[in-house]
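Each chain, letter by letter, is given below.
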Amino acid sequence: MRGPLSSAAGFALLAALALAGAGCSAGDDAADSASGSSAPVAYAPYVNASTASGTDTAGSPTAYNLAFVIASDGDCTPAWDGVQDVDDARVTSRIEALTRGGADVRVSFGGAHGDELAAVCDTAEDLAEAYGAALDAAGATRADFDVEGDELTDRASVDRRSEAIALLQEEREGLEVTFTLPVMPSGLDEESLALLESANDHEVEVATVNLMTMNYAESYDGDMGDYALTAARSAHAQLRDVFGLSEAAAWRGMALTPMLGVNDVENETFTLEDAAQVRAFAEDHGVAWVSAWSAFRDRPCDGGAADDPLTDCSGVEQEPGEFGDTLAG
């Protein structure tokens, strides 16, 4: 997903830990007992960590994904967008406001821009400390690792991240981990699958794999709703294989995140009809949760010079908050 968050600017969810411990210890029976098809499909959009938006609460989110913590000035120091201290008062005040109604927060590390901490920190111990500092400052027990671009192909940082997360989970009972990964209609690519295998090798307990159903490629110029469902089906088979899960548990260990309206790739537009299609699919298949990039873009563009449909608004005809209401069901 996009990195530095502009004017307002990639889920804690009530998902039972369908993938937790699956790599070495959990079989189908354990996964099935954790996944239950009757569990509700939660809605948890990405939001700016420090700046409020009028559409944050659209759809009454169960949780909010706070974007993004990355390295500060190429150093092993966590910072929001690489420039804002993790304990900045604006962020802590923002979290208090978001959680006042009972919602939870998840700290999202990484994104499409800047240096992910795993690529900068020298050791897994230093990296775990950096991740932990951001989680503590936010008062969060849920962590999202949005890994894409060059970070996916850097095997050393992939393994360092896995080792650091395993250390964190040893220290912090109940730490819930999500990996947010790019996907194509054909499924997860080799690098993403290698990342999940690395997590398995280091005995990371993965709660959810969140698929970025967006920005496929210029060759994909059809229906974005159909592409999202095709990508989910393809990835479902891969998750069953990687984690050794049953069909139901693999669905319950999945999340779906579209980019609202106009996407970064030309000719890709995710519509309100697509949002309804994704929501219905998630409910039918027992997907853990759906999200959106992002809550602050969930409004029509007003035509102003500073209103960029890729960062500030959806670029399609809609009412403010309409995507959130639709994805929340």
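Residues numbered from 1 in each chain as written. Predicted model: local features only at pLDDT ≥ 70, side-chain atom pairs only at ≥ 80, totals over all residues. Heavy atoms only, no water.

A.B. asks: How do you make sense of the state of the cysteines when you look at a structure like this?
C.D. replies: Throughout this description, disulfide means a covalent bond between two cysteine sulfur atoms. Counting across every chain of the model gives two disulfides. Here Cys76 pairs with Cys121 through a disulfide, and the sulfurs are 1.9 Å apart. Taking the torsion about the sulfur-sulfur bond, which here is approximately 90°, the covalent link between Cys76 and Cys121 counts as right-handed. Highlighted residues: Cys76 in strand S4 (residues 75-80) and Cys121 in the loop between helix H3 (117-120) and helix H4 (124-138), separated in sequence by 45 residues. Assessed through its relative accessible area of 2%, Cys121 is described here as buried. Here Cys301 connects covalently by a disulfide to Cys313, the sulfurs 2.0 Å from one another. The sign of the 95° torsion about the S-S bond sets the Cys301-Cys313 disulfide as right-handed. Taken together, the residues span a long stretch of sequence, with Cys301 in the loop between strand S13 (289-290) and helix H11 (322-328) and Cys313 in the loop between S13 and H11 at a distance of 12 residues. In this structure Cys301 comes out as partly exposed when scored by relative accessible area, which is 29%. By relative accessible area, which is 0% here, Cys313 ends up buried. In the protein, numbering the disulfide-bonded cysteines from first to last in sequence yields the connectivity 1-2, 3-4. (Disulfide = S-S within 2.5 Å. Helix = DSSP H or I, 4+ residues; strand = E, 2+ residues; numbered from the N terminus. Buried < 20%, exposed > 50% of the residue type's maximum accessible area, 1.4 Å probe, protein only.)

A.B. asks: Teacher, can you tell me more about the nonpolar core here?
C.D. replies: Looking at soluble globular proteins, one finds that nonpolar side chains tend to be buried together. Ranked by internal contacts, the top residues of the largest apolar core, which has 84 residues, are Phe109, Phe179 and Leu196. Here this core gets 10 residues from one element, more than from any other, and that element is helix H8 (residues 224-243). Leaving out residues up to four positions away in the same chain, Leu196 has contacts with Phe179, Leu181, Leu188, Val209, Leu239, Val242 and Phe243. (Core = buried A, V, L, I, M, F, W, Y, C linked by side-chain atoms within 4.5 Å. Contact = heavy atoms within 4.5 Å.)

A.B. asks: What should I look at first to understand the environment of Asp73 in this one?
C.D. replies: With respect to the secondary-structure elements, Asp73 resides in the loop between strand S3 (63-72) and S4. Expressed as a C-alpha distance, the spacing of Asp73 and Val83, which sit 10 residues apart in the sequence, is 7.8 Å.

A.B. asks: For this particular structure, what's the right way to read helix H10 (residues 272-285)?
C.D. replies: Along an α-helix, a turn takes 3.6 residues, which lines up residues three or four apart on a common side. In a regular helix each residue adds 1.5 Å, so 14 residues correspond to 20 Å; H10 covers 20 Å between its end C-alpha atoms and thus fits that length. All buried positions along H10 are accounted for by Leu272, Asp274, Ala275, Val278, Arg279, Phe281 and Ala282. The first or second residue beyond H10 is Gly286, which carries a positive phi of 75°. (Expected span 1.5 Å × (residues − 1).)

A.B. asks: Is there a simple way to think about the pattern of salt bridges in this case?
C.D. replies: Side chains carrying opposite charge are able to pair once their charged atoms draw close together. One pass over the full model with this rule turns up 10 salt bridges. Between Glu116 and Arg161 there is a salt bridge, and its shortest N-O distance comes to 3.3 Å. Highlighted residues: Glu116 in the loop between strand S6 (104-110) and H3 and Arg161 in helix H6 (residues 155-171), separated in sequence by 45 residues. For Glu116, a relative accessible area of 3% corresponds to the buried category. The partner of Arg142 in a salt bridge is Glu176, and the shortest N-O contact between them spans 3.8 Å. In this pair, Arg142 sits in strand S7 (residues 142-146) while Glu176 sits in strand S8 (residues 176-182), placing the two residues 34 residues apart along the sequence. Each member of the pair Arg142 and Glu176 is classed as buried. One connected set of salt bridges, linked through shared partners, spans Asp104, Arg106, Arg142 and Glu176. (Salt bridge = Lys/Arg side-chain N within 4 Å of Asp/Glu carboxyl O.)

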